[in-house]
Amino acid sequence: MQHIASFGCGQLAQMTAQAGIKLGLRFSFIADMGEDTRCVDGLGNIVTSKSGQPAVDLFNALGRPDIITVEKEMVDAELLKALKTLTMVYPCNDSIKIAQNRIREKNYIRECDIPTADFEIVTSKEQLLGLAESFGFPIYIKAAESGYDGYHQWRLKSHADIDQPGLLDAIDNSVSLIAEKHVPYHREVSVIAARRADGSVVMYPLMENRHEEGVLIATIAPAPQLASALEAQAFDFMSRLLTTMDYVGVLTMECFETDEGIIVNELAPRVHNSGHWTIEGSATSQFENHCRAIADMPLGETGVKNMMGLVNMLGRHGNPSDFRDTHYFYHDYGKSARARRKLGHITLCANSLDELYTALNETLLALYGDRYLPYGG
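Here, residues in each chain are numbered from 1, in the same order as that chain's written sequence. Where local features are concerned, this predicted model is filtered to residues with pLDDT of at least 70; where side-chain atom pairs are given and counted, the filter is 80 or more; whole-chain, interface and lining totals use all residues. As a rule here, side-chain values come from all non-hydrogen atoms in the structure, and water together with hydrogens is ignored.

(A) Structural detail: helix 8 (residues 228-245). An ideal rise of 1.5 Å per residue puts 26 Å on 18 residues; helix 8 measures up with 26 Å between its terminal C-alpha atoms. The contact criterion used throughout is that any non-hydrogen atoms of two residues lie within 4.5 Å. Strands are runs of DSSP state E lasting at least two residues, helices are runs of H or I lasting at least four, and both sets are numbered from the N terminus onward. Elements in contact with the buried residues of helix 8: helix 4 (93-100), helix 5 (102-111), strand 10 (187-195), strand 11 (201-203), strand 14 (249-258) and strand 15 (261-268). Looking at the residues trailing helix 8, positive phi occurs at Asp246, about 50 degrees. Helix span, as expected, comes to 1.5 Å for every residue beyond the first.

(B) Local environment of the nonpolar core. Working definition of a nonpolar core: buried Ala, Val, Leu, Ile, Met, Phe, Trp, Tyr and Cys residues. They are joined through side-chain atoms within 4.5 Å. Working definition: with a 1.4 Å probe on protein chains only, accessible area under 20% of the residue-type maximum means buried, over 50% means exposed, and in between means partly exposed. Residues Met238, Leu241, Leu251, Met253, Ile262 and Val264 are the most contacted members of the largest nonpolar core, which totals 24 residues. Only helix 5, strand 10, helix 8, strand 14 and strand 15 provide two or more residues apiece to this core. Ranked by residue count, the leading element in this core is helix 8, at seven residues. Ile220, Tyr328, Leu356 and Leu360 belong to the second-largest nonpolar core, a separate cluster that totals 22 residues.

(C) Here's a closer look at the pairing of strand 12 (residues 207-212). Here a strand pair is declared whenever DSSP counts at least two bridges between the two strands. As defined by bridge partners, strand 10 adjoins strand 12 across three bridges and the pair is classed as antiparallel. Bridge assignment links Ser190 to a residue of strand 12, and that residue is Met207. By the bridge criterion, five bridges tie strand 12 to strand 13 (residues 215-221) in an arrangement that is antiparallel. Looking at the pairing, His211 lines up with Leu216 of strand 13. The hairpin turn running from strand 12 into strand 13, its antiparallel successor, is two residues long, and Glu213 in that turn takes a positive phi close to 55 degrees.

(D) Region of the structure containing the state of the cysteines. Here, two cysteine sulfur atoms that lie within 2.5 Å of each other are counted as a disulfide. Going through the model one piece at a time under the given rule, you end up with zero disulfides. Between Cys112, a cysteine without a disulfide, and Cys92, which holds the nearest cysteine sulfur, the sulfur-to-sulfur distance is 13 Å. Its relative accessible area of 11% is what places Cys112 among the buried residues.

(E) Local environment of the packing of helix 4 against helix 5. Axis lines are fitted to C-alpha atoms, over the contacting stretch for helices. Their N-to-C directions set the angle, which ranges from 0 to 180 degrees. Taken N-terminus to C-terminus, the directions of helix 4 and helix 5 make an angle of 110 degrees; their axes are 5 Å apart at the nearest point. Overall, the two elements helix 4 and helix 5 adopt an arrangement that is roughly perpendicular. Each of Lys97, Ile98, Ala99 and Gln100 in helix 4 lies in contact with helix 5, whose residues at this interface are Arg102, Arg104, Glu105 and Tyr108. Taken together, the residues that form the contact of helix 4 with helix 5 break down as three nonpolar, one polar and four charged. Oblique is the label for any angle not under 35 degrees, not over 145, and not in the 65 to 115 range, which are roughly parallel, roughly antiparallel and roughly perpendicular in turn. Asp, Glu, Lys and Arg are counted as charged, while Ala, Val, Leu, Ile, Met, Phe, Trp, Tyr, Cys and Pro are counted as nonpolar; the rest, among them Gly, fall into the polar class.

(F) Local environment of the pairing of strand 14. Burial analysis of strand 14 places ten of its ten residues in the buried class, which makes it a mostly covered element. Taken together, the nine bridges between strand 10 and strand 14 define a ladder with antiparallel strand orientation. In the strand pairing of strand 14, Ala194 is matched with Val250. Across seven bridges, strand 14 lies against strand 15 in antiparallel orientation. Paired with Thr258 across the strands is Gly261, a residue of strand 15.

This is the structure in structure tokens:
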């Protein structure tokens, strides 16, 4: 029985382990100091990683796993590199290091001849004033590291927004920041792929994503009314990245659909929120295919069974009794409620796009009232 250890103890580790256990795999988890581990309770041994701990000590404390993987980008890349001398690490430390820093990531994507938004490294308020002239508004400022789900990110719509205290504090404290020029896009899409060490690859259909306040609120799969040429372009970009990085595991590529084609926004070297619908909506979920890829098993089929949708439960738990219809699938991660926190998700299965829009709107209304605009309106 192969033993997989995962850096991180959140819902992504939870759903990966649940899928892997069904394949006969065994799991353990690496927690940061003070990390909430409730999501993975009962799924395997949990070991806390201590600052400065030698890799061999962590490896032994975990029970000498056959494979080490991650559920998040912000992992000590040097520790991963040291662990790689003791066991298999998938995805490899170099892939993780690229995705940890938006500047490295965007430069790497461009080196693969893949388009991204125009960007600059930000070092001063004066530079931001200059960017307002060259980029125009809006401008998106993000921390190069640790910026996610709207945190450590700022949208500048006018010169007045440059004086935001949080942004100026970040500049004054020499936080590494990146400014991105606005991309005129029709919608946000993502593609998820899995690759084995032998180079075999499977890809899930492009998905349409909707973000609110920087956080994913809903996904539709496959993305409706998508030109086949755009999907082929996205698959080509993904293939280049997987091959160039010699990537093993699941990789997610978040993109903008524009008049000029696909523009890549960012990468996630792991399973991804936009792919949670695959648990019910595909023959093989993204979690199972990640396990298959890193455990060197044949990859599973990725076709979509119906029109699928996903709605995140952010900051509040929905009432399970509202989602007892056979076309709804309620997932609670076992986390305590906190503003903007991802507490679970609801997957929706429909026979048509109109039917899916109706189900999405009913779900958004049940969770958030009339806070968000409905689909199809």
